[in-house]
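One letter stands for each residue in the lines below.
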Amino acid sequence: STPVKASKIGFVPLFYERFYVYLSPDQPLFDQDSIDLKAINMDKLWYLHEGNCFQNQVNTVCEIRDIRQSELPFQYASNSIESLKRIVESEGGMTFIPELATSQIAAEYENMVKPIAQPTPTREISAAYLRTTGLKRTAKALIELLSSCIPARMQQKPTTPSIDTR
């Protein structure tokens, strides 16, 4: 996930993916067509492990400055978005998921995926390469192959800035 500050690394943006809220039917916001971030009850949020770039982006989106484990009503450390989805399905609550994580959701859970109200947060996903070696023919071919598999809509740079990875 980019942008990232790395002097010896170059980046080629591949696509831009939206953020979604994945929430259980027991949540008050479940019947909403889109979710206003200001309405989210952080006590019901299942959260990724500190240091994960998606977690850092969720912090930015939700304006969470410095969440501490001791302030949470639970402690769950995971770097797996799939695990968080399973927890929401079985235990309730909600989590944030990136757009690509919505593509393999079973039909019975599709109604748990809710778009975020405008402006929709997005993140940039890029291929990285060493600037000293440049993009070799093989790397360019790989980028072309990846790009051919990504929906055209996701390749369009959004009008709002991508979320900082920090």
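Source: prediction; values computed, not measured.

(A) Structural detail: the pattern of salt bridges. All told, the structure shown has five salt bridges when counted by the stated rule. Of the charged contacts, one joins Lys85 and Glu82 as a salt bridge, the two residues approaching to 2.9 Å between their closest N and O atoms. Residue Lys85 and its partner Glu82 are both found in helix H2 (residues 81-91); the two are separated by three residues, about one turn of the helix. On the basis of relative accessibility, which here comes to 1%, the residue Lys85 falls in the buried class. Take Glu82: its relative accessible area is 37%, and that puts it in the partly exposed class. Among the charged side chains, a salt-bridge network with shared partners connects Glu82, Lys85, Arg86 and Glu89.

(B) Representation of the nonpolar core. Core analysis: the biggest nonpolar cluster contains 25 residues, and Val21, Tyr22, Leu23, Ile40 and Ile97 have the highest contact counts within it. Among the secondary structure elements, those contributing two or more residues to this core are strand S1 (9-23), H2 and strand S2 (94-98). With five residues, S1 is the single largest residue contributor to this core. In contact with Leu23, not counting residues within four places along its chain, are Leu29, Phe30, Ile35, Val88, Gly93, Met94, Met112 and Lys114. Judged by nonpolar contacts, the second largest core, of seven residues, contains Leu14, Ile125, Ala127 and Ile143.

What counts and how
Residues numbered from 1 in each chain as written. Predicted model: local features only at pLDDT ≥ 70, side-chain atom pairs only at ≥ 80, totals over all residues. Heavy atoms only, no water. Salt bridge = Lys/Arg side-chain N within 4 Å of Asp/Glu carboxyl O. Helix = DSSP H or I, 4+ residues; strand = E, 2+ residues; numbered from the N terminus. Buried < 20%, exposed > 50% of the residue type's maximum accessible area, 1.4 Å probe, protein only. Core = buried A, V, L, I, M, F, W, Y, C linked by side-chain atoms within 4.5 Å. Contact = heavy atoms within 4.5 Å.

Just geometry here; none of it tells us what the structure is for.
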